[in-house]
Amino acid sequence: MAIYADNAATTRMSDTAVKAMLPYMQEVFGNPSSLHTAGQTAKEALNSARETVASCLGAEAKEIIFTSGGSEADNQAILTATAIGARKGKKHIISTAFEHHAVLHTLQKLEKQGFEVTYLDVHENGLVTAQEVSDAIREDTCLVTIMYANNEIGTIQPIAEIGAICKEKGVLFHTDAVQAVGHLHIDVKAQNIDMLSLSGHKFHGPKGVGALYVRKGILLMSLIEGGAQERGKRAGTENIPAIMGMAAAMKEACDHLEENHKYVSHLRDTLIGELSKIPHCALNGAKEPRLPGNVNFCFEGIEGESLLLLLDDLGICASSGSACTSGSLDPSHVLLAIGRPHEVAHGSLRLSLCEENTMDEVMEMAKGVADVVALLRRMSPVWRDLQEGKRNYVIQ
C-alpha cells in the first residue's frame with residue numbers, strides 16, 4: 001500500500017484545480033495587461049479569481065495580491081511593514097522562535113540593517129499567548145509577525161486575540177497562514193489581521209502560486225519592479241492558469257471546510273493514539289489547538305533520517321519537519337524552540353494527513369512506524385545504553 005502522509009509539504013492537485021486551469025493554457029491565453037479582447041478575457045478571469053480568494057478570507061478583492069507563493073508573500077509583508085515603521089523611527093519587531101525560515105531569514109536580514117527583533121518563547125506546548133505579545137509591544141514596535149499554524153508541529157496560535165491587541169496598540173500584524181488557509185476558518189477583518197500570506201499547493205492547488213492579503217490603507221512595498229501588474233506592486237505577467245487553479249482549490253477547500261476538519265481530525269487523533277503506545281515517544285506540541293492533519297512525534301534512541309528511509313521502503317511518505325530544510329542535518333529549530341534536546345529532536349517524525357487519507361492507511365502507518373522504530377532501536381547503541389541504565393531517558 002502506497003501512503004502519502006506529507007501533505008504539509010505539498011498536496012496532490014485536485015481534479016477541480018486541474019479542470020479550472022486547463023482552459024487558461026490554450027484557449028484563454030491572453031496577457032491580462034493587453035487591451036485586445038483576448039487580453040481582456042484573461043483579465044476578467046484574473047478578477048474573478050481575486051474575488052474568489054478574497055471571499056474565502058473575508059477580504060475585499062482589491063486587498064489581494066497574487067505572488068509566487070508563501071515565501072514571497074512573507075517577504076513582501078515584512079519588508080513593507082518595516083519600511084513603514086522605519087519612516088516613523090520605529091524599528092522593533094515581534095515574532096516567535098519557531099517561524100518558517102521565510103520569516104526568520106527576513107528578520108535576520110533586517111537585524112543586520114539595524115532593526116531589533118524580540119523572539120517570543122513558544123513554550124513546550126508550541127503556543128504563545130496574547131498577553132506575551134502585549135507585554136512585548138513597545139513604543140517603537142512597527143510589526144508583529146506570528147504564524148497562524150506551525151508547519152512542523154501544527155499548533156494554532158490565538159490569532160484573533162493577538163490581532164485585537166495589535167489593533168488597540170496601533171501595530172501592524174502579519175501572519176504566515178500558509179498551513180492554515182483551506183484548513184481553518186479565517187476572517188481577516190474579524191481577526192484584525194493586517195497582512196496574511198498563503199500558498200496554493202497546501203490545499204490541493206498548483207505549486208508556484210500564492211497570495212498576500214494586504215489591508216486597505218497599507219501602502220505595499222514592491223519586491224519585483226518592472227511592470228504595472230497587481231496594481232504596480234508585483235511586476236511580471238500574471239500566471240493565469242495557476243491563479244485560476246489556486247482559486248478553484250481554495251473555494252473547494254473552504255466550501256468543505258467543516259466536514260474535512262471533522263474527518264481529518266478523527267484520523268489525526270486515532271494516529272496520535274496509536275503512536276502514543278510506542279515506549280519513550282512524545283507528541284510534539286499541544287494536542288489542541290492543532291491543525292486537523294498534523295501528527296508530529298519524537299522517538300528516543302533513533303535517527304529521524306533512518307526512520308524516514310525505512311518508512312519509504314514500506315511505501316509511507318513522511319517527513320521529519322519542513323520540506324524547505326529537508327537537506328539539513330541540524331535538528332529542527334521548531335523542536336529546539338519547544339525545548340526538545342538535540343538528541344531527541346533528531347528522532348522526529350511528521351505525518352501530515354488530508355481528506356484523501358483513510359482509516360486503513362492510518363492503521364497501516366501506525367504499524368509501520370512501530371515496526372521501524374523497534375528495528376532501529378535494536379540496532380542503536382544509544383538505545384542499548386538507555387536500556388542498560390548507562391544513560392537516562394529524556395522521554396519517560
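In this text, all values refer to a predicted model and were calculated from it rather than measured experimentally.

**Q** Is there a simple way to explain unusual backbone geometry in this structure?
**A** If a residue is not glycine, its phi is most likely negative; likewise, a peptide bond is most likely trans. For the bond running from glutamate 288 to proline 289, omega is -5 degrees, close enough to zero to count as cis. In this fold, proline 289 is placed in the loop between strand 9 (281–283) and strand 10 (294–299). The residue histidine 204 is not glycine, and still its phi comes out positive at about 75 degrees. With respect to the helices and strands, histidine 204 occurs in the loop between strand 7 (195–199) and strand 8 (210–214). Given a relative accessible area of 6%, histidine 204 falls into the buried group. Despite not being glycine, glutamate 230 has its phi angle at roughly 50 degrees, a positive value. Relative to the helices and strands, glutamate 230 is located in helix 8 (residues 229–232).

**Q** I would appreciate a short explanation of the sheet that holds strand 12 (residues 348–352) in the present structure.
**A** Either a parallel or an antiparallel arrangement is found when strands of a sheet pair, and the pairing is made through backbone hydrogen bonds. Ordered by their spatial adjacency, three strands build an open sheet running 9-10-12, and the pairing between neighbours is antiparallel. Of all strands in the sheet, those with a lone pairing partner are strand 9 and strand 12, marking the two edges. Recorded for the sheet is a direction-independent mean angle of 25 degrees between the axes of neighbouring strands. In terms of strand pairing, strand 10 meets strand 12 through five bridges, oriented antiparallel.

**Q** Honestly, the pattern of salt bridges in this entry has me stumped. Any pointers?
**A** A side chain with one charge may pair with a side chain of the opposite charge, provided their charged atoms come close. Evaluation of the coordinates by the stated rule reveals 17 salt bridges. As a salt-bridge pair, arginine 268 and aspartate 269 come within 2.9 Å of each other at their nearest N and O atoms. Residue classification places aspartate 269 among the partly exposed positions, given a relative accessible area of 29%. One salt-bridge network, in which partners are shared between bridges, spans Arg12, Asp15 and Glu356.

**Q** What's the story with the packing of aromatic side chains in this structure? I'm lost.
**A** To describe a pair of aromatic rings, one takes the distance between the centres and the angle between the planes. Enumeration according to the criterion identifies two aromatic pairs in this entry. Centroid distance phenylalanine 297 to phenylalanine 299: 5.9 Å. Interplanar angle 20 degrees. Geometry classified as stacked. Both rings, one in tryptophan 383 and one in tyrosine 393, keep their centres 5.8 Å apart while their planes meet at 65 degrees; by these two values the pair is edge-to-face. Here the residue tryptophan 383 occupies a position in helix 15 (residues 381–387), and tyrosine 393 occupies one in the segment after helix 15, the gap between them amounting to ten residues. The class for tyrosine 393 is partly exposed, based on a relative accessible area of 24%. Its end group placed over the ring of phenylalanine 115, lysine 91 keeps NZ or CZ at 4.7 Å from the ring centre. Taking NZ or CZ as reference, arginine 377 lies 4.1 Å from the ring centre of tryptophan 383, over its face.

**Q** Would you explain the packing of helix 10 (residues 257–275) against helix 14 (residues 359–379) in this entry?
**A** The relative placement of two packed helices is expressed as an angle between their axes plus a distance between the axes. Running from N to C, helix 10 and helix 14 cross one another at 25 degrees; their axes reach a closest spacing of 10 Å. On the basis of their axis angle, the class for helix 10 and helix 14 is roughly parallel. The hand of the helix 10/helix 14 crossing is right-handed. Where helix 10 abuts helix 14, its residues Tyr263, His266, Leu267, Thr270, Leu271, Glu274 and Leu275 lie against Met359, Val362, Met363, Met365, Ala366 and Val369.

The rules we used
- Residues numbered from 1 in each chain as written.
- Predicted model: local features only at pLDDT ≥ 70, side-chain atom pairs only at ≥ 80, totals over all residues.
- Heavy atoms only, no water.
- Helix = DSSP H or I, 4+ residues; strand = E, 2+ residues; numbered from the N terminus.
- Buried < 20%, exposed > 50% of the residue type's maximum accessible area, 1.4 Å probe, protein only.
- Pairing = 2+ DSSP bridges.
- Axes fitted to C-alpha atoms, helices over the stretch in contact; angles between N-to-C directions.
- Salt bridge = Lys/Arg side-chain N within 4 Å of Asp/Glu carboxyl O.
- Phe/Tyr/Trp six-rings, centres within 6.5 Å; stacked < 30°, edge-to-face > 60°.
- Lys NZ or Arg CZ within 6 Å of the ring centre and 35° of its normal.
- Parallel < 35°, antiparallel > 145°, perpendicular 65-115°, else oblique.
- Left-handed = near helix turned anticlockwise from the far one by under 90°.
- Contact = heavy atoms within 4.5 Å.

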